[in-house]
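Residues per chain, in single letters:
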Amino acid sequence: MTFQVWGWRREDVSQISAGVPDAEGWPGAAMPRKTLATKDPTAVERANLLNMAKLSIKGLIESALSFGRTLDSDYPPLQQFFVVMEHCLKHGLKVRKSFLSYNKTIWGPLELVEKLYPEAEEIGASVRDLPGLKTPLGRARAWLRLALMQKKMADYLRCLIIQRDLLSEFYEYHALMMEEEGAVIVGLLVGLNVIDANLCVKGEDLDSQVGVIDFSMYLKNEEDIGNKERNVQIAAILDQKNYVEELNRQLNTTVSSLHSRVESLEKSNTKLIEELAIAKNNIIKLQEENHQLRSENKLILMKTQQHLEVTKVDVETELQTYKHSRQGLDEMYNEARRQLRDESQLRQDVENELAVQVSMKHEIELAMKLLEKDIHEKQDTLIGLRQQLEEVKAINIEMYQKLQGSEDGLKEKNEIIARLEEKTHKITAAMRQLEQRLQQAEKAQMEAEDEDEKYLQECLSKSDSLQKQISQKEKQLVQLETDLKIEKEWRQTLQEDLQKEKDALYHLRNETQQIISLKKEFLNLQEENQQLKKIYHEQEQALQELGNKLSESKLKIEDIKEANKALQGLVWLKDKEATHCKLCEKEFSLSKRKHHCRNCGEIFCNACSDNELPLPSSPKPVRVCDSCHALLIQRCSSNLP
């Protein structure tokens, strides 16, 4: 008989709960009707779904172990398990409104697993790539089947349940996945890791399947009650198998983690070796650059010192020459100024003398003009006197004629003539004196003219000499001006040389500053070199430590491999197979009880297995035989540094 979950009656629930045994660790025993009646209907639904999940998981594990082969998609308990899981995931889903219809599907929360658990991305991608799936419900069913085949359904749903803030977007606050029942179901799903399933998802029509629970599979009869002992044995075998599988799984995870750690350590070791080689090469290059910089620095210092010494000597010599030349130039300039002053004074004196001579010449010319006027006047007087003489002669002739005419008048006339002759004698004497004066005046004039000519010649010669001197002085002035120009140019060149020397000194100071900065950089490089050496020593120490850790990890891996090989070879002995203790070989009885060693799986007495140690399969101390105890202690002591 088949029933849907949401159509349960109280009688059916009581029958199912009565049919389920009150097993150890399997909750879900019969609940009183009063409590079911008084509880919230959502809590009742969650309890019913939890009980159905327990029944379906337990029935699936028992039937799969009795079946003894990998399960396929046609296996009825497996189909019922998927239906129950679908109902559990659908409980309390929020309805999402769209433009065309109302959407209520479990694919939304299952898609969150990809974000929370990166390994689930493969399942999501493969589900999306399936060609026959068209609805979100079909994708969710395919996802559940693939998660079961991977044996990671419990891990995926655990990650989903932890993030309740994200689940609240898809589920109501009273949903099964939001309450403690969801955590219980996830804990029960861990047992499904025992089952090996091979499901073909492509051929199935997952979109149109109807999820209906068949309760007839979980109703017990007398044969089931009669086979209780066999179920207990199967449960013990399952526990042993689960223990061995869990132990093997943990060992595999530890081995894989150790392999990954070893690979990462080897990679880091190779990287560190490469970095060490690069650092050594860098140190060698830096040392070479340091030596080159030192040699260059020494050469630059030598060159700069030589250049400074040469420039200092040159500057000193040039300063001395400049001082001497300046003194000579100052002396020459003073002498030239003195000569100019003397020449200017001489020129002024010559000009004054020339002015005096010119004034004298003007005065002489005026005197000559006056003399010429006197001479002209005297000539005029002489002409007048000659005329008078001629008149006198004419008168004398007339008088002589008159004397001849009359003798009386001759005497008087002779007296007059005598007087006239005396006068003429006086006049002639005066004329002679005048002629002498004229001759003297002419001589004086000639002498004056000669003196004038001589004076003019002297003046001309003096003026020529003065002009020559002036021309010489002008030439000297021109030479002095040229010398002054040359001196000015030389001074300019000296100033330019001084400026150049100042620039050279400035450049030398800059070079000295650069040398100081190079020294500082050199000191910084030395400090960096020391730091690199320290880093190199630290890296060498770290490499040594890593090498020690690698050797220890390799020893641990070898020990784990040996332990894994030993565990793979070991078998959990059954109680019926062992009659004697393996170490002391004493027979078991009511007083000597059988005890399993949790490390090797053999059966020993209490005296030979009275030891407890933590194992990789269980962090708590468990029972271990004496030989395993000694071996494990020896390994621990060898692993210690």
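Use the structure listed above.
In this text the structure is predicted, and so the values were computed from the model without any measurement.

Calculation criteria
Residues numbered from 1 in each chain as written. Predicted model: local features only at pLDDT ≥ 70, side-chain atom pairs only at ≥ 80, totals over all residues. Heavy atoms only, no water. Helix = DSSP H or I, 4+ residues; strand = E, 2+ residues; numbered from the N terminus. Buried < 20%, exposed > 50% of the residue type's maximum accessible area, 1.4 Å probe, protein only. Contact = heavy atoms within 4.5 Å. Areas by Shrake-Rupley, 256 points an atom, 1.4 Å probe, with all protein chains shown as cover. Expected span 1.5 Å × (residues − 1). Pairing = 2+ DSSP bridges. Patch = residues over 30% accessible without salt bridge, like charges linked within 9 Å, V, L, I, M, F, W, Y side chains within 5 Å. Salt bridge = Lys/Arg side-chain N within 4 Å of Asp/Glu carboxyl O. Lys, Arg positive; Asp, Glu negative; His and termini not counted. Charge placed at Lys NZ, Arg CZ, Asp CG, Glu CD. Core = buried A, V, L, I, M, F, W, Y, C linked by side-chain atoms within 4.5 Å.

**Points about the overall build of the protein chain**
Then, in step 1: Each helix and strand counted, the protein chain has 14 helices and eight strands in total.
Then, in step 2: Within the protein chain, the fraction of its 641 residues that count as buried is 29%.
Then, in step 3: Restricting to contacts in the protein chain with at least 6 residues of sequence separation, those with at least 24 account for 69%.
Then, in step 4: Taken as a whole, the protein chain presents about 43,300 Å² of accessible surface, with 53% of it coming from carbon and sulfur.

**Re helix H4 (residues 76-90)**
Then, in step 1: A rise of 1.5 Å per residue sets the reference length of H4, with its 15 residues, at 21 Å; its end C-alpha atoms lie 21 Å apart and thus fit the reference within 8%.
Then, in step 2: In terms of residue burial, H4 counts as a mostly covered element, since 12 of its 15 residues are buried.
Then, in step 3: By the burial criterion, the buried members of H4 are Pro-77, Leu-78, Gln-80, Phe-81, Phe-82, Val-83, Val-84, Met-85, Glu-86, His-87, Cys-88 and Leu-89.

**Digging into the pairing of strand S7 (residues 611-615)**
Then, in step 1: Residues Asn-611, Leu-613 and Leu-615 line the buried face of S7, whereas the alternating positions Glu-612 and Pro-614 sit on a face that is not buried.
Then, in step 2: One ladder, built from five bridges, connects S7 with strand S8 (residues 618-624); its direction is antiparallel. Bridge assignment links Leu-615 to a residue of S8, and that residue is Ser-618.
Then, in step 3: A loop of two residues connects S7 with S8, the two strands running antiparallel in sequence.

**What about a positive patch on the surface?**
Then, in step 1: On the surface, Arg-326, Lys-485, Lys-488 and Arg-491 cluster together to form a positively charged patch.
Then, in step 2: Looking at which element gives the most residues to the positive patch, the answer is helix H13 (residues 408-569), with three residues.
Then, in step 3: Residue placement: Lys-485 occurs in helix H13.
Then, in step 4: You can call Lys-485 exposed: its relative accessible area is 53%.

**A word on a negative patch on the surface**
Then, in step 1: A cluster of like negative charges, contributed by Glu-447, Asp-450, Glu-451 and Glu-453, occupies part of the molecular surface.
Then, in step 2: Turning to its location among the elements, Glu-453 is positioned in helix H13.

**Brief notes about the nonpolar core**
The tendency in soluble globular proteins is for nonpolar side chains to be buried side by side.
Then, in step 1: Within the largest apolar cluster, 62 residues are counted, with the highest numbers of intra-cluster contacts made by Phe-81, Trp-143, Met-153 and Leu-189.
Then, in step 2: Within the residue set of this core, elements represented by two or more residues are helix H3 (41-67), H4, helix H5 (107-116), helix H6 (121-129), helix H7 (136-150), helix H8 (153-162) and helix H10 (180-188).
Then, in step 3: Broken down by element, this core gets its largest block of residues, nine residues, from H3.
Then, in step 4: Apart from residues lying up to four places away in sequence, Met-153 is in contact with Phe-81, Phe-82, Met-85, Leu-144, Ala-147, Leu-148 and Leu-189.
Then, in step 5: Ala-578, Phe-604, Leu-615 and Val-622 belong to the second-largest nonpolar core, a separate cluster that totals 17 residues.

**Digging into H3**
Each turn of an α-helix holds 3.6 residues, which means side chains three or four residues apart point in the same direction.
Then, in step 1: If you check H3, its first and last C-alpha atoms are 38 Å apart, about what 27 residues at 1.5 Å a residue would give, namely 39 Å.
Then, in step 2: Within H3, 19 of the 27 residues are buried, leaving the element largely enclosed by the surrounding structure.

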